[in-house]
Amino acid sequence: MATAQAAEPQTRTIVNDLVLHVATANGSGSQTSNMVLLRSLFQMGIPISGKNLFPSNIQGLPTWFTIRANKDGWIARKQDADIVVCMNPDTSDEDAETARKGAILIYEETLNLADKRPDCIHYAVPFKKLIAEACPDVRLRKLVINMLYVGVCAQLFNFDMEEVRKAISTQLAGKQKAIDLNVPAVEFGYKWAAENLKKADPYRVERMDGNKGKIIIEGNAATALGLMFGGVSVVTWYPITPSSSLCEYLDEYLNKYRIQDGKRTFAVVQAEDEIAAVGMLAGAGWAGARAFTSTSGPGISLMNEIIGLAYFAEIPFVICNVARTGPSTGLPTRTMQGDLISLFYASHGDTKHIVVIPSTPKEAFEMGGEALNLAEEFQTPVFILSDLDLGMNYWMSDRFDYPTEPFRRGKVLDKEALDKLNGQWGRYRDVDGDGIAYRTYPGTDHPKAAYFTRGTGHTPDAAYSEKPEHWKSNMDRLARKFETAKTRVPKPEIHSNGHAAGLIYFGTTTEAVREALSALDHQHGLKLDLCRLRAFPFTQEVEDFLHSHERVYVVELNRDGQMRMTLNAELPRFAGKLRSVLHYDGMPLTADNVVQQVVSMEREK
Amino acid sequence: MAGTAEAPSTNKVGLQKKDYAGSKSTLCIGCGHDLITARIIDAAFDNSIKPENLVKLSGIGCSSKTPAYFVSRSFSFNSVHGRMPSVATGTALANRNLKMIGVSGDGDTANIGMGQFVHVMRRNLNMVYIVENNGVYGLTKGQFSATADKGSKLKHGQVNHMHAIDLCALAVELGCGFVARLFAGNTKMMKQVLQSALAYKGTAFLDIISPCVTFNNHEGSTKSFPWMKSNELAMQDIGFVPAYDPHYEEMDHGDERVIKLGDGSKITIKALDKDYDPASRTGALQLLAEHHESGKVPTGVIYLAGETPRFVDHLGMVDVPLSSLKEDVLRPSKSVLDEVMDSLA
Ligand SMILES: Cc1ncc(C[n+]2csc(CCOP(=O)(O)OP(=O)(O)O)c2C)c(N)n1
Ligand code: SF4
Ligand SMILES: [Mg+2]
C-alpha cells in the first residue's frame, strides 16, 4: 500500500483498511475507550482484531492498544500504524517519532508534535480544555477524558455513532450511570471534531457485512468456556500473567452456570503456589474429578516434578500454559511460543506428553473440552498450549458450537464392573493392547477396588518393584500408550496443492501466516503448501506432509526453533528439509516478517 | 483352619483385624515408624472404619513408605517429597466423603514440605496428618531435619546449632483444631489419640516422636528411644469411647475432660501433671514454649477445639463427591452457550 502524503492527502480514500494505535498510561481507564472503538467497528461489520501492549505494572507506565480493521479479513499485527492517538504525554515524543511516514497523529494540542513530524498528518485536539467543558465534575474528568478521542476518531473516520453508543452500553454492561457519563463525552468529542477539524487523510470506515454470526472474545475466556462445557470439576490456580484471567473467567462462568440447588458442582481453589496447584490436580484427578489449572512458563517449571509423577502414576489432569516471553520473569506481558520443549518433555526420566495447540478462540473452546477427554482417556497430564496473544487479546471468532459428543471418561471400573470381574484386575495391566490400563476411583465400594499409587517402580498389579523387567515393560507400555495417542489427538490442518515448498506453523502465528501466504503468492509468485500443527505427538499427517515436500519452513515465536528441533527429534529422517522462520521480540508476528524471511530463503535455495 | 479354633473377633463393619493389615514392613528392625503402623491398624479396626472410605497419602521418606504396611484394602498415594498436603487437598476436593490419613516425616514436612504443611493446616481437611518425627532424614541416611533440637548431635558428632521447628506450635497457630504430640514408645496413649483423631471430622495433626534406630538413636540425640523414655512428660491419661459403646451414656467421667467428636464418639482427657486445658490456644503455645527450655517433651493432646467448618464446607460444594457427578450435571445446556455467545456478539 502506498503511503499517504501529508501534502496531497485527499486524492483518494482508503476504506475499511486501517491500523489504529492508541498510546495511554496504564490504569487510566483507556481500556473501555479502546474497546468501544473496537466494538463499534466490529458492529459495523468490519473484520477487526484488538491487541493490548501493556507493561508489567498497575498504574502509570505506558500502555498501547492496537486495532486493525481490514475488509479482507487480515487481522494479524502490522508493524506500522496508520493512525496514532497520543494520549500519554510521557511517551508522545517517542510515539510520534516511531510513527511511519505519512501516518496520522491525533494528540493533545499543547504537545505540539507538528514541528517534530512534518511528514505526518496532524490533528491537534485541546483534550484538556475540552474535558473541562464536557465534564463539569472535576473528579470525573480523569475517567472520561479518553472518551473524547473516541468521539474524535469516530467523526474523522466516519464511525456510525449509533454503533458507538451501542458499543458503550455493551462495554459498560448496562451500568446506566457510567453510560450517561460516557456517551455525552464521546458526542462532545465528535461534535468538536466536526466543527474544528478539517479532514486531511484518506481513511474512512463504512458499514460492510464481514462479521455475520461472529463474536469478540479473548482466548482465555474461550478456553474457560470450553472447560466448563467439558465438565471441569476441580480448578486450582496460582495467579500469573497472562494466565490469571483464564481461571478468573472460569470461576465467573462456573459460579453463574454450574450451580445446582444453590450448591457448586465444582471447586475453585487458589493454591499457595504452582507446586500445590498441580499437587491438588494430582489428588483430584486420581480421585475421579476432571481437574484443571492454568499457568505460564515459570509455573510449568515449578510443576515439573509432579507432572512426572502423574505421567508415571498415570493420573489425568489438564494444564493450560498461557505462554509469555523469556525465562524467569522475562517479559511477563509479552507473547512467545517459547515453552514447547519444556512442555512436550516436561519432567525428568522418560517423559513425554500430549499437548493440544489452539490457534483461535473457537479452537481454544473446543480443545478445552477435548483436553479433559484426552486426559481421562489416556490417564495422563494433558497440556493446552496457548500464549498471551491468544489468551489476552481480543479476537473475532465464529460462534462456538455446542459440544454434543459425550464425555470420554476413559477406562474406569466401578463396583459393578469389579463384581463382574470377581475383583480380578490389575491397575497397570495392558488388557486391550493399546497401552491404556483400567483404573478405579478411591471410594469405590468394593473390597478389591483399592490399589497403591506410587512414583516408584511397580508391577502390572501395582505392587512395588525394582525389577529391571518390570521397569522396562512398564515404560514400554507407556510408550505404547503414546503411540495410541498419535491416532487420537487433533490432526493438523493441511492445505496442500502439490507445491514443492511447505510451511508448518501453529498457534497464534496463524493470522500472520495466512496473510503472508497471500502476499507471497500475489507479490512474489511463491506458492507454498500449509500444515498447521494442532497437537503433540505428531500424527501420521504431519509425517506425510514432511515426506511430500522438498523443503519445509517452520514458523515459530522463539529464538532456537523449538518446534523445528522437536520435528527433527521425532521425525529425524526429514531433518534436512526444515528451515526456521523465527520471530522472538515479544510482539506478535507480522505477515511482512514471514514474507521477508521466506523470500530470502527461497532466493538462496 | 481347624474347627476348634476360636472365631476371630469382628468389628462393627464385620471385618477382622487381618483385614486392616498391610504388606510386610521393609523398614529397619526396631524403627519407631513400625510402632505407629501397628497402632494405626489397631485404631482403624477398633473404630470400625470401612477401608473403602479411607485413603492413605504420603510424601517421600521411610515414614512415607509406611502406608504400604497398613490397611491394604484402602487406596493409597505415595506422592512426592513434601507435597502430600496438596495431593490430599485435591483428593478431598474430588471426594469429600473420604477420610484421609496423611503420613509424612519431619524432613518431608518441616524441610521440603514446610510451605504445603502450613497451608494445609489452614484448610481443615478431613484428615489425620501424622508426622513420624525422628529428627533426621532416615531414607537418605541420617542428615539433620529441621525438627532436630538445638545442641543435638548426629551419629558422627555434628552438632545442630539452629533452632528446632516446633510443628505442633505451628499447627496451633495456623488454626488446626486437633493437635497432639506423642511418642511412638508410648503405644497406649498413641492408640487412644489415633482413635480420637480418626473420629474427629477435621484436620488432626499428630507429631509423633518416632526414633530412627539406625541413624538417630545414639547418645546426644534428643529423638532417641532412651532420651524419650527419660524425658517424655505424659501429661494426660487419654481414653476413647466409641459412639457404639453400650455404656456410652451412663459412663461416669469423674474429673476428666470429655469432648465429643464428629462421629459421635468421645475423647476423655484426664490431666496427670497439672490441670492443663487443651481448649486454650494461648495455653498450648505457652506449654510448648516452656518445654523448649526445660528439654522435657510433654505428650498428649496439646490442643483440641470444637469442630469447625471444613474446607469443603466453605467452598459451598454439592453434598455428593464431585467425582460422582456425570455429564448431565457437569455440562450446562445449550441455552447457556447461546446466552454467552449472544453476550459476546
Ligand atoms: C525432590 C526430592 N529431593 C530429595 C529427595 C531425597 N529424599 C528422600 S527421603 C528424604 C528425606 C526424608 O526424611 P523424613 O521425611 O524425615 O523421613 P524419614 O526417612 O526420616 O522417615 C530425602 C531428602 C527426594 N526424594 N525428592
Ligand atoms: S533408617 Fe531410620 S527411619 Fe528409616 S527405616 Fe531405618 S530406622 Fe526407620
Ligand atoms: Mg525423619
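Parameters and conventions
Residues numbered from 1 in each chain as written. Chains lettered and ligands numbered in written order. Predicted model: local features only at pLDDT ≥ 70, side-chain atom pairs only at ≥ 80, totals over all residues. Heavy atoms only, no water. Helix = DSSP H or I, 4+ residues; strand = E, 2+ residues; numbered from the N terminus. Buried < 20%, exposed > 50% of the residue type's maximum accessible area, 1.4 Å probe, protein only. Contact = heavy atoms within 4.5 Å. Lys, Arg positive; Asp, Glu negative; His and termini not counted. Charge placed at Lys NZ, Arg CZ, Asp CG, Glu CD. 1 Å grid on protein atoms, 1.4 Å probe; cavity = no way out; pocket = protein on both sides within 12 Å on 5 of 7 lines; lining within 4 Å. Points joined across faces, edges and corners; volume = space filled by probe spheres on them. Nonpolar A, V, L, I, M, F, W, Y, C, P; charged D, E, K, R; others polar. Domains from an automatic or database assignment. Near = heavy atom within 4 Å. Polar contact = N/O pair within 3.5 Å; in protein donor to acceptor, adjacent residues only side chain to side chain. Areas by Shrake-Rupley, 256 points an atom, 1.4 Å probe, with all protein chains shown as cover. Donors = N, O, S within 2.8 Å, 3.2 Å for Na, K, Ca; no water. Core = buried A, V, L, I, M, F, W, Y, C linked by side-chain atoms within 4.5 Å. Buried area = accessible area lost by both parts, 1.4 Å probe. Salt bridge = Lys/Arg side-chain N within 4 Å of Asp/Glu carboxyl O. Pairing = 2+ DSSP bridges. Axes fitted to C-alpha atoms, helices over the stretch in contact; angles between N-to-C directions.

Attention now moves to the overall build of chain B. Looking only at helices and strands, one finds twelve helices and 13 strands in chain B. The buried share of chain B, reckoned over its 345 residues, is 58%. Within chain B, contacts between residues at least 6 apart in sequence are counted, and of these 71% link residues at least 24 apart. Across chain B, the mean location of the 35 positive side-chain charges is 6 Å away from that of the 36 negative side-chain charges.

So, about the layout of surface pockets. By volume, the largest pocket is sized at about 1,200 Å³. If you trace the largest pocket, you find 46 residues lining it, with A:Gln31, A:Gln171, A:Glu218, A:Tyr249 and A:Tyr394 closest to the centre. Among the elements of the structure, strand 2 (17–25), helix 1 (30–43), strand 4 (62–70), helix 5 (161–171), strand 9 (214–218) and helix 8 (244–257) of chain A together with helix 12 (334–344) of chain B are those that each provide at least two residues to the lining of the largest pocket. For the lining of the largest pocket, the element with the most residues is helix 8 of chain A, which contributes eight residues. Of the residues that constitute the lining of the largest pocket, the class distribution is 20 nonpolar, 20 polar and six charged. Counting contributing residues per domain, the lining of the largest pocket is built from domain 1 (4–212) and domain 2 (217–398) of chain A, each supplying no fewer than three. Taken together, 36 residues make up the lining of the second largest pocket; nearest its centre are A:Phe452, A:Arg454, A:Ala462, A:Ala463 and A:Tyr464.

All names here are of chain A. With omega at 5 degrees, the peptide bond leading from Thr241 into Pro242 counts as cis. Following Phe536, the chain continues to Pro537 via a peptide bond in cis, the omega torsion being 0 degrees. Among the secondary structure elements, Pro537 is positioned in the loop between strand 23 (535–536) and helix 17 (540–547). A positive phi angle, close to 65 degrees, is found at Glu314, a residue other than glycine. Secondary-structure assignment places Glu314 in the loop between helix 10 (297–313) and strand 15 (317–323). Since its relative accessible area comes to 1%, Glu314 is described here as buried. Here Ser347, not a glycine, exhibits a phi torsion of approximately 90 degrees, which is positive.

Taken together, the neighbourhood of ligand 1 is formed by 18 residues, with B:Cys62, B:Ser63, B:Gly107, B:Asp108 and B:Gly138 sitting nearest. Residue neighbours of ligand 1 fall on chains A and B, so the site bridges chains. The contact in question runs from an oxygen atom of ligand 1 to an N or O atom on the side chain of B:His33, over 2.9 Å. Taking B:Gly138, its main chain carries an N or O atom lying 2.8 Å from an oxygen atom of ligand 1. When the free accessible area of ligand 1 is taken as 590 Å², the share hidden by the protein chains comes to 78%. Elements supplying a minimum of two residues to the shell around ligand 1: helix 2 (62–65), helix 4 (106–111) and strand 5 (136–137) of chain B.

All names here are of chain B. Bound to the magnesium ion (ligand 3) on the protein side are Asp106 (OD), Asn134 (OD1) and Val136 (O), at distances that span 2.1 Å. Taken in sequence order, the residues that donate to the magnesium ion (ligand 3) follow the motif D-x27-N-x1-V. Relative accessible area serves as the criterion here: at 3%, Asn134 is assigned to the buried category.

Moving on: the environment of B:Ser9. Residue and element names in this part refer to chain B. For Ser9, the position within the fold is in the segment before helix 1 (32–46). Among the residues examined, Ser9 registers a relative accessible area of 52% and is labelled exposed. Discounting residues that sit within four places of it in the chain, Ser9 has contacts with Leu15, Gln16, Lys17 and Phe45.

What follows covers the nonpolar core. One finds A:Met563, A:Leu567 and B:Phe205 to be the most contacted residues of the largest nonpolar core, which totals 107 residues. Looking at which element gives the most residues to this core, the answer is helix 9 (residues 274–286) of chain A, with nine residues. Ignoring sequence-local partners within four residues, the contact set of A:Met563 consists of A:Leu340, A:Phe344, A:Ile357, A:Phe506, A:Leu533, A:Phe538, A:Val554 and A:Glu556. If you look at the next biggest cluster of nonpolar residues, it comprises 56 residues, including A:Leu20, A:Ile46, A:Val183 and A:Ile216.

This next bit is on the domain arrangement of chain A. All names here are of chain A. As assigned here, chain A comprises domain 1 (4–212), domain 2 (217–398), domain 3 (411–488) and domain 4 (493–604). Relative to domain 2, the C-alpha centre of domain 1 lies at a distance of 35 Å. Listed by partner, the interface residues are 17 residues for domain 1 and eleven residues for domain 2. Overall, the association of domain 1 and domain 2 removes approximately 1,100 Å² of surface from exposure, summing both partners, and the carbon and sulfur fraction of that is 62%. At the boundary of domain 1 and domain 2, one finds one salt bridge. Taking the shortest distance from any N to any O, the salt bridge between Lys51 and Asp389 comes out at 2.9 Å. Taken together, the connections running from domain 1 to domain 2 amount to five residue pairs in polar contact (both at pLDDT 80 or more). Those elements giving two or more residues to the side of domain 1 that touches domain 2 turn out to be helix 1 and strand 3 (48–53). Considering every element that reaches the side of domain 1 that touches domain 2, the biggest residue donor is strand 3, with six residues. When its residues are assigned to classes, the side of domain 1 that touches domain 2 shows ten nonpolar, six polar and one charged.

Quick look at the sheet that holds strand 11 (residues 257–260) of chain B now. Remark on secondary structure: sheet strands pair via backbone hydrogen bonds, oriented parallel or antiparallel. Residue and element names in this part refer to chain B. Judged by pairing direction, the sheet is antiparallel, and its three strands sit side by side in the order 10-12-11 without closing on themselves. The open sheet has two free edges, formed respectively by strand 10 (236–241) and strand 11, since each of these has just one partner strand. Between one strand and the next, the sheet's axes are offset by a mean angle of 20 degrees, whatever the strand orientation. Its contacts with the sheet put helix 7 (residues 187–199) on strand 10 and strand 12 (266–271), and the angle it makes with strand 10 is roughly 45 degrees.

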